[in-house]
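# Reading the structure
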Amino acid sequence: MENLQTIEQYDALKNEGKHIFLFSAAWCVDCRVIEPIMPEIEKKFPDFTFIHVDRDEFIDVCAANDVFGIPSFIAYDNGEELGRYVSKDRKTQEQIVEFIQTL
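Below or above, wherever it landed, is the structure these notes cover. The numbers attached to residues start from 1 for each chain and follow its sequence in the written order. The predicted origin of the model limits local features to residues at a pLDDT of at least 70 and limits the giving and counting of side-chain atom pairs to 80 or more, whereas totals for whole chains, interfaces and linings rest on all residues. The basis for every side-chain value is the complete set of non-hydrogen atoms in the structure, without hydrogens or water.

### A word on the pattern of salt bridges
- When a carboxyl oxygen of Asp or Glu is within 4 Å of a side-chain nitrogen of Lys or Arg, the pair counts as a salt bridge. Within this structure, the stated rule accounts for five salt bridges.
- Residue Lys88 is joined to Asp89 by a salt bridge in which the shortest nitrogen-to-oxygen separation is 4.0 Å.

Written out as structure tokens, the structure is:
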């Protein structure tokens, strides 16, 4: 999974192609729990490019997108928001897969 580098990159990626942004942070225990399963989830959904957004580094992006709990996901297709799974609750692999399947 690629790490977001700049706010400009975020804007460009969300407006070009199909991307799922994973908002997380190094200190987030629930984020660490899903980290090992993310490569498998990425393989199941090759139509999407997954981008990691560090909540602490990009707090303005989080605030602008109403992401106040992590881990959270927002999916875009050429600028159109397809869906979001935003909450502070721990997420299972099944829940993440189910969210992506509904997009």
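The rest of the description comes next.
### Quick look at the packing of aromatic side chains
- In this analysis, rings of Phe, Tyr and Trp, with Trp reduced to its six-membered ring, are considered paired at centre separations within 6.5 Å, and the interplanar angle assigns stacked below 30 degrees, edge-to-face beyond 60, and tilted for intermediate values. Per the stated rule, a full pass over the model turns up five aromatic pairs.
- Ring geometry for Tyr10 versus Tyr76: centroids 6.5 Å apart, planes at 85 degrees, classification edge-to-face. Here Tyr76 lies in strand β4 (residues 72-77) and Tyr10 lies in helix α1 (residues 7-15), a separation of 66 residues in the sequence.
- A relative accessible area of 2% places Tyr10 in the buried class.
- Where Tyr85 meets Phe99, the ring centres are 5.7 Å apart and the plane angle is 40 degrees; that geometry is what we call tilted. With Tyr85 in strand β5 (residues 80-85) and Phe99 in helix α5 (residues 93-101), this pair connects stretches of sequence that are 14 residues apart. We count a stretch as a helix when DSSP gives it H or I for four or more residues in a row; a strand needs E for two or more, and each element gets its number in order from the N terminus. Here's how the labels work: a residue is buried when its accessible area is under 20% of the maximum for its type, exposed when over 50%, partly exposed in between, all with a 1.4 Å probe on protein chains only.

### Section: the state of the cysteines
- The disulfide criterion used throughout: a pair of cysteine sulfur atoms within 2.5 Å. Inspection of the entire model under this criterion finds one disulfide.
- Across a sulfur-sulfur distance of 2.4 Å, Cys28 and Cys31 are joined as a disulfide pair. Its S-S torsion of approximately 75 degrees makes the covalent link between Cys28 and Cys31 right-handed.
- Cys62 carries a free sulfur, and the closest cysteine sulfur to it, the one in Cys31, is 10 Å from it.
- Note on Cys62: relative accessible area 1%, which makes it buried.

### Details of α1
- Taken together, the buried positions of α1 are Gln9, Tyr10 and Leu13. Burial along α1 is one-sided: seen end-on, the buried residues are contained in an arc of 100 degrees.
- The contact criterion used throughout is that any non-hydrogen atoms of two residues lie within 4.5 Å. Buried residues along α1 sit against β1 (2-3), β2 (18-24), β3 (49-54), α4 (59-64) and β4.
- Directly after α1, the chain includes Gly17, whose backbone phi takes a positive value near 85 degrees. Note: the arc covers the axis-to-C-beta directions of the helix.

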